[in-house]
Structure formats: structure tokens, C-alpha cells
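# A structural walkthrough
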Amino acid sequence: MSRTALIVAGLLAAPFLLAGCGDDEPKLVIYNGQHEQLLDELAPQFTAATGIKVEIRSGDDLGLSNQLVQEGGRSPADVFLTENSPAMAQIEQAGLLQKLPHDVVAPIPAQYRPASGDWTGFVARSTVLVYNKDEVKPSQLPSSLMDLADPKYQGKISFSPTGADFQAIVAAMIDLEGEAATKAWLEGLEANGTTYDGNNVVLEEVNSGQSEIGIIYHYYWYRDQAESGDNSNDSALYFFGDRDPGAFVSVSGAGVLASSDMKTDAEEFVSFLTHEGGQKALAASYALEYPLNPVAHLAPPVKPFDELQPPKVNVSDLDAKKVVDLLTQVGFL
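Conventions and cut-offs
Residues numbered from 1 in each chain as written. Predicted model: local features only at pLDDT ≥ 70, side-chain atom pairs only at ≥ 80, totals over all residues. Heavy atoms only, no water. Helix = DSSP H or I, 4+ residues; strand = E, 2+ residues; numbered from the N terminus. Buried < 20%, exposed > 50% of the residue type's maximum accessible area, 1.4 Å probe, protein only. Contact = heavy atoms within 4.5 Å. Pairing = 2+ DSSP bridges. Arc of directions from axis to C-beta. Polar contact = N/O pair within 3.5 Å; in protein donor to acceptor, adjacent residues only side chain to side chain.

### What about the environment of K280?
Summarising the element assignment, K280 is placed in helix α12 (residues 276-284). Residue classification places K280 among the partly exposed positions, given a relative accessible area of 41%. K280 sits 35 residues away from P245 along the chain, and the two C-alpha atoms are 28 Å apart. Apart from the residues lying within four places of it in its own chain, the contact partners of K280 are V295 and A296.

### Looking at the pairing of strand β10 (residues 249-257)
For β10, the tally of buried residues reaches nine of nine residues, placing the bulk of the element in the interior. Both faces of β10 are covered, namely the face carrying V249, V251, G253, G255 and L257 and the face carrying S250, S252, A254 and V256. Relative to β10, strand β3 (residues 79-81) runs antiparallel, the two sharing three bridges. Bridging from a neighbouring strand, L81 pairs with A254 of β10. Pairing between strand β4 (residues 97-98) and β10: two bridges, direction antiparallel. Within β10, the residue paired with Q98 across the bridge is V256.

### Observations concerning α12
Along α12, the residues that are buried comprise G278, Q279, A281, L282 and A283. Residues of α12 that are buried make contact with α3 (36-50), β5 (119-132), α11 (263-274) and β11 (290-291).

### Focus on helix α13 (residues 320-330)
Burial in α13 covers these residues: A320, V323, L326, L327 and V330. For α13, the buried positions fall inside an angular range of 130° around the axis, keeping them on one side. Pointing more than 90 degrees away from the buried face of α13 are the exposed residues K321 and Q329. Two or three places before K321, at the start of α13, stands the capping residue D319, its side-chain oxygen 2.9 Å from that residue's backbone nitrogen. Positioned one or two residues after α13, G331 has a phi angle of 100°, which is positive.

Written out as C-alpha cells, the structure is:
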């Protein structure tokens, strides 16, 4: 029986599975860099389908990846989930991951998982600009994210350089354009822009007119629209195309720790995330991030995933250390 069929069968038998689980049974420990609310939605569905209990320990991407490096083979973690891929690449390069079975990663297009098979993407978000509709006309927006370093955008840009989201964009730019061009771009942003702590704050500032243009991921705007529109009704999204760095799609990763003593259960969790059941649960969640398995889709009005034109990057090459070094040099960290 396939893993997907097992999960469907498990859903039908869930009351009996849960009834047989004692409190003293071991739990699958998940180090979670993704949004905590998303895992609060998904983990109970996984437990209902499989009877496997989980313990979620949430934190930020690089904080958790650095913790895993320090813990090494002594880590209590069985699964590592990231919001963006640079932190997962750090763990991969440290040799801390167990190669995943082919049937676990196969549902995800090859572009969104490393050739090593050590981990896999499972959900993604698109880089976008958000702009104030009263202050900016679409014709005034740049054709490339690189153009925001131009002095004509001085005083018009906002972004959150301390967050994992922006840092993943910088990592992709290093991969696509090189370190020198990326540093020049960051220096231009430093001269032109205003920094905020968090993409939701960037969204609010653009919507209020305090800033004309912001760099964020797509789901912040769509999520606010779905909730109330209070922080998005006076703004709109602009998607870059033509494989521009500004069309970068950042991948959230899932991997199994080589030190885990619950590898079978850990692989089952990652399989849940990549197969139809988990992917459709992702699509139906509050998150509004793009499922990567083609069987699942976000409902309108979110721009369809297959209409995006992202550049191709090697997800294992996105280097968090280089990003931190550059951001520190420019004065953002």
C-alpha cells in the first residue's frame, strides 16, 4: 500500500489509533522554523492520520539551524522544518541530515529540492513588491528588483533586513548575480530605503502611505485581504517576471536528522507534508503559501503558482553565512 493510501486509511481509523496512544509513548520532536500557527494546523491532522504524536519546538530559521549544528549527534530533534532554504542548506552542508527515500521526495518538482535527496521543499512563497495605490502607478514600478538601488527610488522603499524572508532573497541574489552585484544592491537599498522589523510592518507602512514601495512575500498581503483588508486595501502587489531575482520563489524545507532514533516516523511526517493529504491541508490553511506538489492549489484570488516566472536557483547553494556577512558589512545587522 502507498504512503498516501496509508494516510487515508489512517484518517478513517484515527479514533482507534488515538485511543491506543499512551501519554508515555515517545513523541516525534520537530524543530520548526516555519510559522507556528501553520504547524498547529497540520500536526493534529498528521497525528489523526498516523497515530504518531509530535512535539513542536518553534524558533527562527537560523537560530534553530545554529542550535542543530551545536547539538550535532546529541540533538533531540527528529525533523527540521524551515521557513526558507538557507538554514536547511546549512544543516545539509554540516552532514546532519538522513537521505530521504525517493517516494518521500518524488511528489515535489526537482527544482524545489536538492539533488542530494537529503531534504525536500514542501511549500513556497513568492517575492513581490507591495505599493501604495495613491502614491505609485504600476508604470512607475521597476522591471527588475535590482533597479531599486537606483537613486530615483530614494526615500520610497521599505523592507525588513533582519528577517529570514529578506535574507533568503539576498541569498538568491548572491547565487544569481554574484556577491559584488548583491553588495552594490544592498548599499543602494541602504541609501534609498527605510528598514522595519517584520514584513507585516512593511505592509502596514506601505498601506498607510508612510512608504511608497515595500519588499515582502506574497502571502502577507493576501492573508490580510482574507482577514479584514485593514492593512492592505490601499495597496496592491506587483509580481516580477522573466526570471528576475525579484521573482525568486523561496522554499520551505523539511528534513530528517541523521541522529534521530525515530527515522521511520520522521520520514512519515515528511511524506505527509509532500503528498496529497498534507499538500491539500497546506492549501486550505490560513498560511496562503504555495503548495509545491502539483496536486494542490491555492484558491483565487491568489495568483496561480504556474503563472509565476521564478529564476532557477540551486536550493542547496543558498548560503546563509554569506548573507549575514554582507548584511553586516552594509550595516543592516
